[in-house]
Amino acid sequence: MKRFVECYVPVTACNLRCSYCYVIQQDRRNRHPTVFEYTPEHIGKCVSRDRWGGVCLFSLTAPGETLLADEVVVLAREILGQGHYVNITTNGTLSHRFDDITSLPKALLARLHFSFSFHYLQLLWASKVDAFFDNVRKVREAGCSFLVQFNLCDEYIPYLDRIQELCIERVGALPQVAITREQTEQ
């Protein structure tokens, strides 16, 4: 792997409203359509392996839900088509996007990774827990790699056992944990 490239997708909209989300806390959430300065095809040509010195890992992430942008599936396909690897960070709820993604050629899907953010309480509230795990199953069956992760915020502490049980039951592994706690002086 020659380089790791973190790609900021300009999406601040999201279909969830997690209390620990910095976009909400900073009042930066909007519902405006995402505007890409260049087409996914143009970007794909700009990231050729020759130009970047070899195979790279491109991570597509946004401060909102990455897959809300219509262009992200095409962008991922274009980057994968250059022979690179792609990671997409997502809340895992947009089933139609996973249907689009899993219809890509198998050779591309083998180089596609997903970081599924398991926002348990919001998924529960939106009745999307089953959709989340169905989409994890879709990408697994399509040959993509993935991980399930969640932000350990204070409000999740009473639900840790249930979160672990669900992940073991539906994915076969414990989730990766990131700590997002309110910091106060003690």
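It should be noted that the structure appears before, not after, this text.
For clarity, every value in this text was computed on a predicted model and none was experimentally measured. (Residues numbered from 1 in each chain as written. Predicted model: local features only at pLDDT ≥ 70, side-chain atom pairs only at ≥ 80, totals over all residues. Heavy atoms only, no water.)

**Overview of the overall build of the protein chain**
Here's step 1: Scanning the protein chain from terminus to terminus reveals nine helices and six strands.
Here's step 2: Here the protein chain holds 186 residues, and 48% of them are scored as buried.
Here's step 3: Looking at the protein chain alone, contacts between residues at least 24 apart form 77% of all its contacts between residues at least 6 apart.
Here's step 4: Total accessible area computed for the protein chain in this model is approximately 10,000 Å², and 50% of it derives from carbon and sulfur atoms. (Helix = DSSP H or I, 4+ residues; strand = E, 2+ residues; numbered from the N terminus. Buried < 20%, exposed > 50% of the residue type's maximum accessible area, 1.4 Å probe, protein only. Contact = heavy atoms within 4.5 Å. Areas by Shrake-Rupley, 256 points an atom, 1.4 Å probe, with all protein chains shown as cover.)

**Observations regarding the layout of surface pockets**
Here's step 1: Taken as a whole, the second largest pocket encloses approximately 220 Å³ of empty space.
Here's step 2: Surrounding the second largest pocket, 15 residues form its lining, Cys-7, Tyr-8, Phe-36, Ile-43 and Leu-75 being those nearest its centre.
Here's step 3: Sorting the residues of the lining of the second largest pocket by element identifies strand E1 (3-8), strand E2 (56-61) and helix H4 (71-81) as the ones contributing at least two each.
Here's step 4: Looking at the lining of the second largest pocket, the element that brings in the most residues is E1, giving three residues.
Here's step 5: When the residues that make up the lining of the second largest pocket are grouped by side-chain class, the tally is 14 nonpolar, no polar and one charged. (1 Å grid on protein atoms, 1.4 Å probe; cavity = no way out; pocket = protein on both sides within 12 Å on 5 of 7 lines; lining within 4 Å. Points joined across faces, edges and corners; volume = space filled by probe spheres on them. Nonpolar A, V, L, I, M, F, W, Y, C, P; charged D, E, K, R; others polar.)

**Thoughts on the environment of Asn-91**
Here's step 1: As for its position among the elements, Asn-91 is in the loop between strand E3 (85-90) and helix H5 (95-101).
Here's step 2: Through-space distance from the C-alpha of Asn-91 to that of Leu-67 is 8.6 Å; in sequence the pair is 24 residues apart.

**What about the pattern of salt bridges?**
Here's step 1: One pass over the full model with this rule turns up seven salt bridges.
Here's step 2: Note that Arg-170 and Asp-134 form a salt bridge whose closest N and O atoms lie 3.8 Å from each other. Of this pair, Arg-170 sits in helix H9 (residues 160-171) while Asp-134 is found in helix H8 (residues 129-142), placing the two residues 36 residues apart along the sequence.
Here's step 3: A salt bridge links Glu-165 to Arg-162; its shortest N-O distance comes to 3.4 Å. (Salt bridge = Lys/Arg side-chain N within 4 Å of Asp/Glu carboxyl O.)

**Here's the deal with the packing of aromatic side chains**
Here's step 1: Scanning all chains against the criterion turns up twelve aromatic pairs.
Here's step 2: Note on Phe-98 and Phe-116: the rings are 5.6 Å apart at their centroids and 25 degrees apart in plane angle, and the pair reads as stacked. Within this pair, whereas Phe-98 is found in helix H5, its partner Phe-116 is found in strand E4 (residues 112-117), the two being separated by 18 residues in sequence. Each member of the pair, Phe-98 as well as Phe-116, carries the same accessibility label: buried.
Here's step 3: Taken together, a centroid distance of 5.9 Å and an interplanar angle of 50 degrees make the contact between Tyr-120 and Tyr-159 tilted. Of this pair, Tyr-120 sits in helix H7 (residues 120-125) while Tyr-159 is found in the loop between strand E5 (145-152) and H9, placing the two residues 39 residues apart along the sequence.
Here's step 4: The class of Tyr-120 is buried, set by a relative accessible area of 5%.
Here's step 5: For Tyr-159, a relative accessible area of 33% corresponds to the partly exposed category. (Phe/Tyr/Trp six-rings, centres within 6.5 Å; stacked < 30°, edge-to-face > 60°.)

**Brief notes about H4**
Here's step 1: Residues of H4 that are buried include every one of Val-72, Val-73, Leu-75, Ala-76, Glu-78, Ile-79 and Leu-80, and no others.
Here's step 2: Looking at the buried positions of H4, the neighbouring elements they touch are helix H2 (40-46), E2, E3, H5, helix H6 (106-109) and E4.
Here's step 3: A positive phi of about 95 degrees marks Gly-83, the residue just after H4.

**Some thoughts on unusual backbone geometry**
Here's step 1: Phi angles above zero are rare outside glycine, and Ser-127 is one such case at about 55 degrees.
Here's step 2: Structurally, the position occupied by Ser-127 is in the loop between H7 and H8.

**Considering the packing of H8 against H9**
Here's step 1: For the pair H8 and H9, interaxial distance at closest approach is 11 Å and the crossing angle is 40 degrees. One finds that H8 runs oblique with respect to H9. Considering the relative orientation of H8 and H9, their crossing is right-handed. Facing H8, whose interface residues are Val-129, Asp-130, Phe-133, Asp-134, Val-136 and Arg-140, H9 presents Leu-166, Cys-167, Arg-170 and Val-171.
Here's step 2: Taken together, the residues of the contact of H8 with H9 sort by class into six nonpolar, no polar and four charged. (Axes fitted to C-alpha atoms, helices over the stretch in contact; angles between N-to-C directions. Parallel < 35°, antiparallel > 145°, perpendicular 65-115°, else oblique. Left-handed = near helix turned anticlockwise from the far one by under 90°.)

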